[in-house]
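# Descriptive structure summary
The lines below spell out each chain.
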Amino acid sequence: MTNLAHRTILLTGAGRANGIGQATIRALLAAGADRVVATVRAPGQLATLQGEHPGRIDEVVIDLTNATAIAALPAQTGPIHVLINNAGVFTADTALGEGEGEAMWAVNYLAPKRLVRAYASSLAQGAVVNVNSVAGLINFPICAVYSDTKAALHSLTVAQRRELHSQGTQVLGVYPGPIETDMAKGVPFPTTAPAVVAEAIVAALQENTLEVFPDPMAQQIAAAVIQDRQALERSFWPAAATA
Ligand SMILES: NC(=O)c1ccc[n+]([C@@H]2O[C@H](COP(=O)([O-])OP(=O)(O)OC[C@H]3O[C@@H](n4cnc5c(N)ncnc54)[C@H](OP(=O)(O)O)[C@@H]3O)[C@@H](O)[C@H]2O)c1
């Protein structure tokens, strides 16, 4: 997919002024997209952005854990040419802890699966963008179950790319490292501005790229995963207990 003009784009998780979602809407409109339909959980969260771009942003209120609401969405929005699965949930559940991350599985994995299924036919010659994470490539100690859900999203992205190939749909996986949004508040790593991710998404749509690693940490991790995944995983191990 190279041209954003005359395309209707659906982007999920646009509720936060400092999130990747609103930064991506700004970048899409600057690149010539006609109209963005953006999902939020509470009405009115897009008022400032809509004021900046009159008539070009429609707000849809939906809880993406609700499968019935997702199935009913196409009737509400009409055909969508580019679907950007950006909404995400981050909690610190661990592999051995009791928390199983139900909300993360519902929003990070099931919602992109259900949304692509719901819009599949109108995405012909268009695009799907799944906002994943480098945590989908390597399991991070601070967010083990979040990493599981993003790894599942990575696998889903590969499958969607294969199954939508014959109808000419670009399926783009986006794998950011720590980004300066509410989600990453307090993470012990340097962060990158959301606009960097937004610009990378727009460029990847225009250039028909399959995967994008938008920031320095994402690029470093991707290179290490490709070159030496086991050494990278070992570097996250705590020191062994001494007798
Ligand atoms: N920030 C990072 O370091 C980082 C790194 C790698 C990948 N990512 C990914 O980037 C994407 C955007 O995250 P962000 O950093 O911009 O964080 P964010 O500002 O917290 O945005 C996440 C959005 O998802 C929405 N959302 C959560 N649960 C939902 C639900 N049940 N139904 C509908 N919407 C829901 C949130 O809505 P509310 O505003 O109502 O809570 C919020 O607007 C996520 O997929 C995230 O996993 C982020």
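Up top is the structure.
The sections below set out a description of the structure shown in this document. (Residues numbered from 1 in each chain as written. Predicted model: local features only at pLDDT ≥ 70, side-chain atom pairs only at ≥ 80, totals over all residues.)

### A word on the overall build of the chain
Applicable threshold: The secondary structure listing takes helices from DSSP runs of H or I that are at least 4 residues long and strands from runs of E that are at least 2 residues long, numbered from the N terminus. Atoms counted for the radius of gyration: C-alpha only. Globule rule: 2.2 Å times residue count to the power 0.38. Exposed residues have 12 or fewer other C-beta atoms within 10 Å of their own C-beta, buried residues have 20 or more, and residues in between are partly exposed; the C-beta atoms are placed from the backbone. Once C-beta atoms have been placed from the backbone, residue pairs whose C-beta atoms lie within 7 Å are recorded as contacts.
In terms of regular secondary structure, the chain is built from 7 helices and 7 strands. Along the chain, helices and strands appear, N-terminal first, in the series β-α-β-α-β-α-β-α-β-α-β-α-β-α. For 243 residues, the compact-globule formula gives about 18 Å, and the C-alpha radius of gyration of the chain, at 18 Å, lands near that figure. By principal-axis analysis of the C-alpha atoms, the chain measures approximately 65 × 35 × 30 Å. Counting the 243 residues in the chain, one finds 42% classified as buried. Summarising the internal contacts of the chain: among those between residues at least 6 apart in sequence, 68% fall at separations of at least 24.

### Side note on the nonpolar core
Here is a general trend for soluble globular proteins: nonpolar side chains tend to be buried in one another's company. The condition that has to hold: The term nonpolar core refers to a group of buried residues, namely Ala, Val, Leu, Ile, Met, Phe, Trp, Tyr and Cys, whose C-beta atoms join them within 7 Å.
Ranked by internal contacts, the top residues of the largest apolar core, which has 61 residues, are I25, L28, V36, L83, L172 and I201. By residue number, the principal contributor to this core is helix α6 (residues 194-206), which donates 7 residues.

### Regarding the site of the ligand
Worth spelling out the cut-off: Only the C-beta atom matters for this test: placed from the backbone, it must lie within 6 Å of a molecule or strand for the residue to be near it. Side-chain classes are defined by residue name, with Ala, Val, Leu, Ile, Met, Phe, Trp, Tyr, Cys and Pro counting as nonpolar, Asp, Glu, Lys and Arg as charged, and the others, Gly among them, as polar.
Taken together, 25 residues lie near the ligand, and G13, G15, G19, G88 and T181 sit nearest. Residue classes in the shell around the ligand are distributed as 12 nonpolar, 9 polar and 4 charged.

### A word on unusual backbone geometry
Among all residues save glycine, negative phi is the norm, and among peptide bonds the norm is trans. Notably, Q125 is not glycine yet its phi reads approximately 60°, a positive angle. Tracing the sequence through the fold places Q125 in the loop between α4 (102-119) and β5 (127-131). Accessibility expressed as a C-beta count within 10 Å gives 12 for Q125, which makes it exposed. For N208, which is not glycine, the phi torsion reads 60° and is therefore positive.

### What about the packing of helix α1 (residues 20-30) against α6?
Stated precisely, the cut-off is as follows: Angles run from 0 to 180 degrees between N-to-C directions of axes, and those axes are lines fitted to C-alpha atoms, restricted for helices to the stretch in contact. The labels follow the angle: roughly parallel below 35 degrees, roughly antiparallel above 145, roughly perpendicular from 65 to 115, and oblique for the rest. Working rule for handedness: look at the near helix, and if it is turned counterclockwise from the far one by less than a right angle, call the crossing left-handed; if clockwise, right-handed.
One way to put it is that α1 packs onto α6 with a least axis distance of 8 Å and a crossing angle of 45°. Comparing the axis directions of α1 and α6 gives the class oblique. Like other packed secondary-structure pairs, α1 and α6 cross with a definite hand, here right-handed. Facing I20, A23, T24, R26, A27 and L28 of α1, the residues of α6 in contact are P194, A195, V197, A198, E199, I201 and V202.

### Notes on the sheet that holds strand β3 (residues 57-61)
Cut-off, in case you're wondering: A pair of strands counts as paired when DSSP detects no fewer than two bridges linking them.
Reading across from one edge, β3-β2-β1-β4-β5-β6-β7 is the order of the 7 strands in this open sheet, with parallel pairing throughout. The two strands at the open ends of the sheet, each matched to only one other strand, are β3 and β7 (211-212). Contacts from α4 reach β4 (82-85) and β5 within the one sheet, and its direction differs from that of β4 by about 170°. Set on the sheet, helix α5 (residues 144-164) makes contact with β5 and β6 (170-174); between it and β6 the angle comes to about 165°.

### Considering the packing of α4 against α5
Remark: α4 packs on α5, axes separated minimally by 8 Å, with the N-to-C direction vectors making an angle of 10°. Comparing the axis directions of α4 and α5 gives the class roughly parallel. Considering how the two elements wind past one another, α4 and α5 form a crossing that is right-handed. Contact with α4, carried on its side by M104, W105, N108, Y109, P112, K113 and V116, involves V145, Y146, T149, K150, A152, L153, L156 and Q160 of α5 and no other residues of that element. When its residues are assigned to classes, the contact of α4 with α5 shows 10 nonpolar, 3 polar and 2 charged.

### Observations regarding the pairing of β4
In β4, alternate side chains face the same way, and those of V82 and I84 on one face and L83 and N85 on the other are all buried. The pairing of strand β1 (residues 8-11) with β4 spans 3 bridges and is parallel. Within β4, the residue paired with I9 across the bridge is V82. For β4 and β5, the ladder comprises 4 bridges, and the chain directions are parallel.

### Quick word on the pairing of β6
Quick note on the threshold: When the strands point away from the viewer, a crossover counts as right-handed if the route from the first strand across the helix to the second turns clockwise.
In terms of burial, β6 is largely enclosed, as 5 of its 5 residues are buried. Burial along β6 is two-sided: the residues Q170, L172 and V174 and V171 and G173 are all buried. In the classification by handedness, the crossover that spans β5, the intervening α5 and the parallel β6 is right-handed. Of the strand pairs in this sheet, β6 and β7 are connected by 2 bridges, and their pairing is parallel. Bridge pairing links V174 to V212 in β7.

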